Amino acid sequence: MNAPMVHAEGVRKHFGKLQVLKGIDLTVERGQVCCLLGPSGSGKSTFLRCINHLEKIDGGRLSVDGEPVGYRPQGTRLHELREREVAARRRDIGMVFQRFNLFPHMTALENVMEAPVKVAGTARERARDEARALLDQVGLADREGHYPAELSGGQQQRVAIARALAMKPKLMLFDEPTSALDPELVGDVLDVMRRLADDGMTMVVVTHEIGFAREVGDLAVFMDEGVVVESGDPRRVLAEPEQERTRAFLSKVL
Amino acid sequence: MTTTHVGAPHTGAPLAPDTFEIVPVHHWGRRLSAVGAVAALAGLIGSLAKNGNLHWDVVGHYLFAGLIFDGLVTTLWLTAAAMTVGLALGTLVAVMRLSDNPVLYGLSSLFVWVFRGTPLLVQIIFWGYAGALYHHVMIGVPFTGVTFFQADTNALLTPSVAALLALGLNEAAYTSEIVRAGIRSVDPGQTEAAHSLGMRPALTMRRIVLPQAMRVIIPPLGNETINMLKMTALVSVIAAHDLMSNIQDVYGQNYQVIPMLVVASLWYLALVSALSVPQAWLERRYGRGTARGAEISPLRRLCAGPLTALLGRTHKEEGR
Ligand SMILES: Nc1ncnc2c1ncn2[C@@H]1O[C@H](COP(=O)(O)OP(=O)(O)O)[C@@H](O)[C@H]1O
Ligand SMILES: [Mg+2]
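Because the structure is a prediction, the values reported are computed rather than measured. (Residues numbered from 1 in each chain as written. Chains lettered and ligands numbered in written order. Predicted model: local features only at pLDDT ≥ 70, side-chain atom pairs only at ≥ 80, totals over all residues. Heavy atoms only, no water.)

**Observations concerning the overall build of chain A**
Here is the rule: A run of H or I in DSSP becomes a helix once it reaches four residues, and a run of E becomes a strand once it reaches two; helices and strands are each numbered from the N terminus. Within these notes, the globule rule equals 2.2 Å times the number of residues to the 0.38 power, and the radius of gyration is based on C-alpha atoms. Burial classes: relative accessible area under 20% of the type maximum marks a residue as buried, over 50% as exposed, and values in between as partly exposed (1.4 Å probe, protein chains only). Throughout, a residue-residue contact means that at least one pair of heavy atoms, one from each residue, lies within 4.5 Å. Accessible surface area values rest on a Shrake-Rupley calculation with a 1.4 Å probe, where residue burial reflects the displayed protein chains alone. Charged-residue counts in this description rest on Lys and Arg as positive and Asp and Glu as negative, His and the chain ends being excluded. Every charge is mapped to an atom, namely NZ of Lys, CZ of Arg, CG of Asp or CD of Glu.
Check the secondary structure of chain A and you find 9 helices and 12 strands. For a compact globule of 254 residues, the expected C-alpha radius of gyration is about 18 Å, and chain A comes in at 18 Å, within 12% of that figure. Dimensions of chain A, computed from C-alpha atoms along their principal axes, come out at roughly 50 × 50 × 35 Å. Looking at chain A as a whole, 54% of its 254 residues qualify as buried. Look at the contacts in chain A between residues 6 or more apart in sequence, and 63% of them connect residues 24 or more apart. Total accessible area computed for chain A in this model is approximately 11500 Å², and 45% of it derives from carbon and sulfur atoms. Here chain A carries 35 positive and 38 negative side-chain charges, and the mean point of each set is 6 Å from the other.

Rendered as structure tokens:
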């Protein structure tokens, strides 16, 4: 049971002729916060989506908590997972999107309760209590009856985090969670994420928030054009990068 | 309503009173045209009422006659049943057309092509006289001679069943396109979010995508229902006794064509008006969470509309 939470070896992915991931190697241990950085179009989102099988990899190996993503090993064979098995694996992996993707026809509370009730089969009463506790945890206890359209971007993103946490995931994926927010709303979302990291959640975070990566990250990974250019302790990678490409990118972001 | 007093500006010329009365714009043209239109309408109604050729006594006599009432009931259940079949099957076909499976896609496209591409009247006659094409209906394993179920076609395809089949299948072809457009209007990010929570595709469709698609689907579906109400009249060719068939039966005997058509029109108008109530309710229900979810009810707008036009007031509709 000591397999790393995320383990990638030579992961490749292409869309048509476009090679988006050209052999990604990455290991995220339990309880670690891994920050993925890199210019737009370098394949960060694609890699993140591969981790919970929203995209299927074309080559290499990718496993979450010791289990290959999308496959069930049996002897020397890898059996492709059925729809229901894929769904079952995804329950353990929370995902937070740049554009929140809250369900607009449901209130904040209903958004958080939906998966526990409909997927995990939790009793409504219990799911409601747990959802309220989660909304409280992200500082939105007083907004449970609001529809997403009635919430600010920062509030929506915090509801989205609560919604992902409701399935009690062992791994959380964040795809530029603060990029669509007004600057003054970024802090609240980052605070929630920081607390989550302090509680020991394993996280892979695509972000341009260098400060967050430096303070909270255990591992910084710089990607460009589908490859990992440089990775290691954020305090080193971000302060004194070895690669020219990393340096060029950081000088633009900072 | 608008407030009638506002505070004086802090800058600018020193004005004596610290509040101003707001004088609304008077829409003289609007008032005049409203009065004119109402007068014209009153004249038309008056002349219709006095026109002896319309035989209002005949209209009155048949409006609530038993035969007409029976036809009305048939029209109503036929509409409801055909729309139910159309919506259920149409949703299935829409999902098939959006599927990655080429066989499902091909079959559903073929279905839409055939049932949308041939005249409804032909389809009704086809189902009505299917007994002449196939004397027996059986369900079994093809090419093996194994049968589980066998029946005489004419016993199975009564005029009512044939009418329902024809209308339902035709409706499904149209509805599937409406539903497909509705499904495609939903942001793909919704499906991804649902999948990432461990929801399977069928559950995602039912709980996340379709409820959001409904907002786009309901208005054209309201149109379809109104159309269906009137299209049921076509089944008179296979002797299914809907409202229009019975009206035709009556004027076939008493030759009061125009009054009987007035009776029919009054009833269709009444039914269509009644339909707008559930439609408005559905639109509001599925509009939840959108900015326009709390729109004013159409009935209130209708009641308030002519009055405000006449009085020349133009207060903003407020969505509580
Ligand atoms: N579904 C897709 N189909 C085709 N191309 C895609 C798709 N998703 C991403 N891409 C392409 O893959 C590249 C990497 O995209 P992405 O992973 O979103 O980068 P990043 O998140 O680092 O900005 C881009 O060139 C993008 O256009
Ligand atoms: Mg991205």
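Next, the rest of the story.
**What to know about the overall build of chain B**
Secondary structure summary: chain B contains 13 helices and 4 strands in total. Taken over 320 residues, chain B has a buried fraction of 33%. Contacts in chain B between residues far apart in sequence, at least 24 positions, make up 67% of those at least 6 positions apart. In the structure as shown, chain B presents an accessible area of about 19400 Å², 67% of it carried by carbon and sulfur atoms.

**Some remarks on the sheet that holds strand β10 (residues 202-206) of chain A**
Residue and element names in this part refer to chain A. The criterion, for reference: One requirement defines pairing of two strands: DSSP has to find at least two bridges between them. Axes, fitted as lines to C-alpha atoms, cover a helix only where it is in contact. Angles between the N-to-C directions of the axes lie from 0 to 180 degrees.
Strand order across the open sheet formed by 6 strands is β8-β9-β10-β3-β11-β12, with mixed pairing between neighbours. At either margin of the open sheet sits one strand with a lone partner, and together these are β8 (93-96) and β12 (227-232). Averaged over neighbouring strand pairs, the angle between their axes works out to 15° when direction is ignored. Bridging between strand β9 (residues 171-175) and β10 involves 5 bridges; their strand directions are parallel.

**Focus on the pairing of strand β4 (residues 146-152) of chain B**
Residues and elements named next belong to chain B. The sheet contact formed by strand β3 (residues 136-141) and β4 spans 6 bridges and is antiparallel. Looking at the pairing, M138 lines up with Q150 of β4. Between β3 and β4, which pair antiparallel one after the other, the connecting turn spans 4 residues, and F143 there sits at a positive phi close to 65°.

**Describing the UniProt feature "transmembrane region" (unreviewed entry) in chain B**
As a reminder, the rule being used: UniProt positions are given in the numbering used here, feature names are shortened, and annotations may be inferred rather than shown by experiment.
The sites that UniProt annotates as "transmembrane region" (unreviewed entry) are residues 32-50, 62-95, 107-130 and 257-282 of chain B. Along residues 32-50 of chain B the backbone is 100% helical and 0% strand, and the end-to-end C-alpha distance reaches 27 Å.

**Describing the interface of chain B and chain A**
Basically, it comes down to this: Here the buried area means the combined drop in accessible surface, using a 1.4 Å probe, for two parts upon being joined, counting both sides. Salt bridges are counted wherever a side-chain nitrogen of Lys or Arg sits within 4 Å of a carboxyl oxygen of Asp or Glu. Whenever two N or O atoms come within 3.5 Å, that pair is a polar contact, provided that in protein one can donate a hydrogen and the other can accept it, and provided that, for residues adjacent in sequence, both atoms are side-chain atoms. Residues were grouped as follows: Ala, Val, Leu, Ile, Met, Phe, Trp, Tyr, Cys and Pro as nonpolar; Asp, Glu, Lys and Arg as charged; and all remaining residues, including Gly, as polar.
Across the contact, 20 residues belong to chain B and 26 residues belong to chain A. Taking both sides of the interface into account, the surface hidden between chain B and chain A amounts to around 2100 Å²; carbon and sulfur atoms contribute 59%. At the boundary of chain B and chain A, one finds 3 salt bridges. A salt bridge links A:R49 to B:E192, with the nearest nitrogen and oxygen atoms 2.7 Å apart. Here chain B is connected to chain A by 5 residue pairs in polar contact (both at pLDDT 80 or more). Elements supplying a minimum of two residues to the side of chain B that touches chain A: α9 (188-196) and α10 (201-231) of chain B. Element by element, the count of residues in the side of chain B that touches chain A is highest for α9(B), at 7 residues. Split into classes, the residues belonging to the side of chain B that touches chain A amount to 8 nonpolar, 7 polar and 5 charged.

**Describing the site of ligand 1**
Residue and element names in this part refer to chain A. Definition in use: Any residue with a heavy atom lying within 4 Å of a molecule or strand is counted as near it.
As a matter of local geometry, ligand 1 sits amid F15, L18, V20, P39, S40, G41, S42, G43, K44, S45 and T46. Measuring from an oxygen atom of ligand 1, one finds a backbone N or O atom of S42 at 3.2 Å. Out of a free accessible area of 560 Å², ligand 1 has 59% covered by protein chains. Of all the secondary structure elements, the ones that give two or more residues to the shell around ligand 1 are β2 (18-28) and α1 (44-51). At 3 residues, the largest contribution of residues to the shell around ligand 1 is made by α1. Here the shell around ligand 1 is built from residues that sort into 4 nonpolar, 6 polar and 1 charged.

**Details of the pairing of β9(A)**
All names here are of chain A. Let me state the cut-off plainly: Consider the strands pointing away from the viewer: the crossover is right-handed when the path from the first strand over the helix to the second runs clockwise.
A large share of β9 lies buried, amounting to 5 of its 5 residues. Of the two faces of β9, the one carrying L171, L173 and D175 and the one carrying M172 and F174 are both buried. Read as a crossover between parallel neighbours, the route from β9 over helix α6 (residues 183-198) to β10 is right-handed.

**Quick look at the nonpolar core**
Residues and elements named next belong to chain A. Note the threshold: Put simply, a nonpolar core is a bunch of buried Ala, Val, Leu, Ile, Met, Phe, Trp, Tyr and Cys residues held in one set by side-chain atoms that sit within 4.5 Å of each other.
Counting 50 residues, the largest nonpolar core has L135, I161, M172, F174, M193 and M203 as the members making the most contacts within it. Sorting elements by how many residues they give to this core places α6 first, with 8 residues. Setting aside chain neighbours within four positions, we find M172 in contact with G94, V96, I161, A164, L165, L196, M201, T202, M203 and V204. Formed by 41 residues, the second largest nonpolar core is a distinct cluster that contains I93, V119, L173 and M223.

**Points about the confidence of the model for chain A**
Where we set the bar: Residue-level confidence of the predictor, termed pLDDT, takes values from 0 up to 100.
In this model, chain A carries a mean pLDDT of 94, and residues with pLDDT of at least 70 account for 100%. Highest mean pLDDT in chain A belongs to β9(A) (98); lowest belongs to strand β6 (residues 71-74) of chain A (88).

**Quick word on the packing of aromatic side chains**
Residue and element names in this part refer to chain B. Using the following cut-off: Between the rings of Phe, Tyr and Trp (Trp by its six-membered ring), a pair exists once the centres lie within 6.5 Å; its type follows the angle of the planes, with under 30 degrees stacked, over 60 edge-to-face, and the other angles tilted.
Under the criterion given, the structure shown has 5 aromatic pairs over all chains. Measuring from ring centre to ring centre gives 6.5 Å for F69 and W267, while their planes differ by 80°; the resulting arrangement is edge-to-face. Taken as a pair, F69 in helix α3 (residues 66-97) and W267 in helix α12 (residues 257-286) lie far apart in primary sequence, 198 residues in all. Judged by its relative accessible area of 42%, F69 is partly exposed. Here the aromatic rings of F126 and W127 are separated by 5.3 Å at their centres, their planes lie at 80°, and the arrangement is edge-to-face. Feature note: the residues F64, F69 and W267 constitute an aromatic cluster, connected by ring pairs.

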